[in-house]
Amino acid sequence: MRVVKQIIYEVDAESEAFEKARKKLGPEAVVLSSVPVKRGGFLGLFKKRKYIVTAGILEDDEAQEKLEQGKRDRLIAFQKLLEGASTTSFDVALNKDSNNFSDVLELSNEAVALSHKPIEEKDRYNQKQSPETLAPLGSDNIYEGLMQSGFDPLIAMEIVKEYANIKEDKSLDEFLADHTLVTGKDFISALGGKRAMFIGPTGVGKTTTIAKLAAIFALWHKRKVLLLGADTYRIAAVEQLRTYAGILEVPMEVVSNAGDVERALSNHDAEIVLADLPGGSQNDLLRLEEYRKVYEALRPDCVHLLIAANLSYPTMADVMEKLNVVPYNAIIFTKLDEAPSLGSLFRLIKTYKVPLSYITTGQDVPRDIEVALPLRLARLALGLETLRQTRV
């Protein structure tokens, strides 16, 4: 696949990016990348977020293997649902004769490549490091830089002291990366095992995160995926998961007790099991007891706790404490695109020492879900990389 025509333009919101691309390039246009920037303001304050968008028209290259048509169609329909498109049935969403498929395909070559194979950090984020920003600095400069990046004062001070005592010649982002625990370097290993359970408060993006992972495992990694919906309190959430499962052509079972879980596992020869548990407040004791029952029935290899990155640190800590009713052993940070900074994330990591598995940064698949990689997170927190640093 190669870009035969390309334009770069600025928009106020990412939702405008694709519509403007179509107006300028026609119905075959795709959005290749979107990078947030700050514009305007007064004396460095009150700047507004804008987006520098690169769009183009892709043409098949015979030297590159094409995506299977069935995979492409299902992914497009899946993206339409995540974007809130009004799709009333699978037949409409999967109509291969429809002209709408090219209209919603917003995947760059890099985005597809990210889900095809395990990726080393040095290959995926091969950014040029500026000596001025990455070389060891004086303590005052480091502390000031951390504070400007949104780090808590006490954590910033601890980092400065620890960084000053290291003997190796390391940049600050490398130092932070060394102190960031993760579950794996690729999508499969980051899951933490065959059976994974996902818990988190309402509105954290749990169901859509599970659906994104199911798409990656089923469509690219060719794994047999089973979805379990245990959200008996919110019927809409179960139906949402069922809709995703139908489009991805993976089985989905609703479970409410140990017997249901055992039957679901015995009825399907699944290589990967993803269980969606009830969302709700961390103060809802009834919901927490539901977590425990499903956990004991499923006996998952890994429990992923989802936390929204745009929450305050006290709220994050409250979620960590209250949802410890089951022994979670990984964290997924969602909504990084809505977080003013990532300083609170590193404070949480340093305090609770729970490894990270994935991060989510929007609705696009697979671009907006990533394996949590230490150096990537450190560079994001320090402002050395942006969320949309996609190579085309």
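About the thresholds
Residues numbered from 1 in each chain as written. Predicted model: local features only at pLDDT ≥ 70, side-chain atom pairs only at ≥ 80, totals over all residues. Heavy atoms only, no water. UniProt positions renumbered as here; feature names shortened; annotations may be inferred. Core = buried A, V, L, I, M, F, W, Y, C linked by side-chain atoms within 4.5 Å. Buried < 20%, exposed > 50% of the residue type's maximum accessible area, 1.4 Å probe, protein only. Contact = heavy atoms within 4.5 Å. Helix = DSSP H or I, 4+ residues; strand = E, 2+ residues; numbered from the N terminus. Salt bridge = Lys/Arg side-chain N within 4 Å of Asp/Glu carboxyl O. Phe/Tyr/Trp six-rings, centres within 6.5 Å; stacked < 30°, edge-to-face > 60°. Lys NZ or Arg CZ within 6 Å of the ring centre and 35° of its normal. pLDDT = per-residue confidence, 0-100. Pairing = 2+ DSSP bridges. Axes fitted to C-alpha atoms, helices over the stretch in contact; angles between N-to-C directions. Right-handed = clockwise from strand over helix to strand, strands pointing away.

For the protein, an unreviewed UniProt entry supplies the name Flagellar biosynthesis protein FlhF and the organism Acetomicrobium flavidum. Its UniProt record gives the protein the following Function (unreviewed entry) comment, quoted word for word: "Necessary for flagellar biosynthesis. May be involved in translocation of the flagellum." Listed under Subcellular location (unreviewed entry) in UniProt, the entry text for the protein is "Cell membrane".

(A) Broad picture of the nonpolar core. Within the largest apolar cluster, 61 residues are counted, with the highest numbers of intra-cluster contacts made by Leu146, Phe151, Met197, Ile199, Ile307, Phe333 and Leu336. Those residues in contact with Leu146 that sit more than four places away from it in its chain are Phe151, Ala156, Ile159, Val160, Leu172 and Leu382.

(B) The environment of Met316, seen in detail. Assignment of secondary structure puts Met316 in helix α16 (residues 313-322). The class for Met316 is buried, based on a relative accessible area of 0%. Between the alpha carbons of Met316 and Leu345 there is a distance of 8.8 Å; along the sequence they are 29 residues apart. The contacts of Met316, once residues within four sequence positions are left out, are Ile307, Ala308, Ala309, Leu311, Ser344, Leu345 and Leu348.

(C) How the structure looks around the pattern of salt bridges. Tallying each qualifying case throughout the model produces 14 salt bridges. Residue Lys170 pairs with Asp178 through a salt bridge whose shortest N-O separation is 2.1 Å. Residues participating in the shared-partner salt-bridge network are Asp173, Glu370, Arg376, Arg379 and Glu385.

(D) Quick peek at the packing of aromatic side chains. One pass over the full model with this rule turns up three aromatic pairs. Relative to Phe346, the ring of Phe151 lies with its centre 5.8 Å away and its plane at 40°, an arrangement referred to as tilted. Within this pair, whereas Phe151 is found in the loop between α8 (139-148) and α9 (153-164), its partner Phe346 is found in helix α17 (residues 343-352), the two being separated by 195 residues in sequence. Across the pair, exposure class does not vary: Phe151 and Phe346 are buried alike. When the ring of Tyr163 is compared with that of Phe175, the centres are 5.3 Å apart and the planes differ by 55°; the resulting orientation is tilted. Of this pair, Tyr163 sits in helix α9 while Phe175 sits in helix α10 (residues 172-178), placing them 12 residues apart in sequence. In this arrangement the basic side chain of Arg347 is found over the ring face of Tyr313, its NZ or CZ atom lying 3.7 Å from the centre.

(E) Fine view of helix α18 (residues 374-381). Of all eight residues in α18, seven are buried, a share of seventy percent or more. For α18, the complete set of buried residues consists of Pro374, Arg376, Leu377, Ala378, Arg379, Leu380 and Ala381. Positive phi appears at Gly383, one or two residues downstream of α18, with a value of about 75°.

(F) Structural view of unusual backbone geometry. Within the chain, Lys222 stands out as a residue other than glycine whose phi angle is a positive 55°. Summarising the element assignment, Lys222 is placed in the loop between α12 (206-220) and β5 (225-229).

(G) Layout of the confidence of the model for the protein. For the protein, mean pLDDT is 76; residues scoring 70 or higher make up 70% of the total. In this model, residues 85-137 is a region of pLDDT below 50 whose contacts with residues beyond four sequence positions or in other chains number 103 contacts.

(H) Looking closely at the pairing of strand β4 (residues 195-199). The buried fraction of β4 amounts to four of the five residues, a majority that puts the element mostly inside the structure. Two elements, β4 and strand β7 (residues 272-276), share four bridges in a ladder whose sense is parallel. Pairing of Phe198 across the sheet is with Asp276, part of β7. Note: β4 against strand β8 (residues 302-308), four bridges, orientation parallel. In the sheet register, Ile199 faces β8, and the bridge partner there is Leu305.

(I) Representation of the sheet that holds β8 within the structure. Strand order in the open sheet made by the eight strands is β6-β5-β7-β4-β8-β9-β10-β11, with mixed pairing throughout. At either margin of the open sheet sits one strand with a lone partner, and together these are β6 (252-254) and β11 (369-371). On average, each strand axis in the sheet is tilted by 20° relative to the strand beside it, whichever way the strands run. Pairing geometry for strand β10 (residues 356-360) and β11, over three bridges, is antiparallel. Its bridge partner lying in β11, Ile359 is registered against Glu370. Contacts between α12 and the sheet are confined to β4, β5, β7, β8, β9 (330-334), β10 and β11, with β7 contributing the most and set at about 170° to the helix.

(J) Structural view of the pairing of β8. Counting buried positions over the seven residues of β8 gives seven, a clear majority of the element. Neither face of β8 is left uncovered, since the one carrying Cys302, His304, Leu306 and Ala308 and the one carrying Val303, Leu305 and Ile307 both have all their residues buried. Inspection of the sheet shows β8 paired to β9 by five bridges, in the parallel sense. Opposite Ala308, over in β9, you have Thr334 as the bridge partner. Taken together, β8, α16 and β9 constitute a β-α-β crossover, and its handedness is right-handed.

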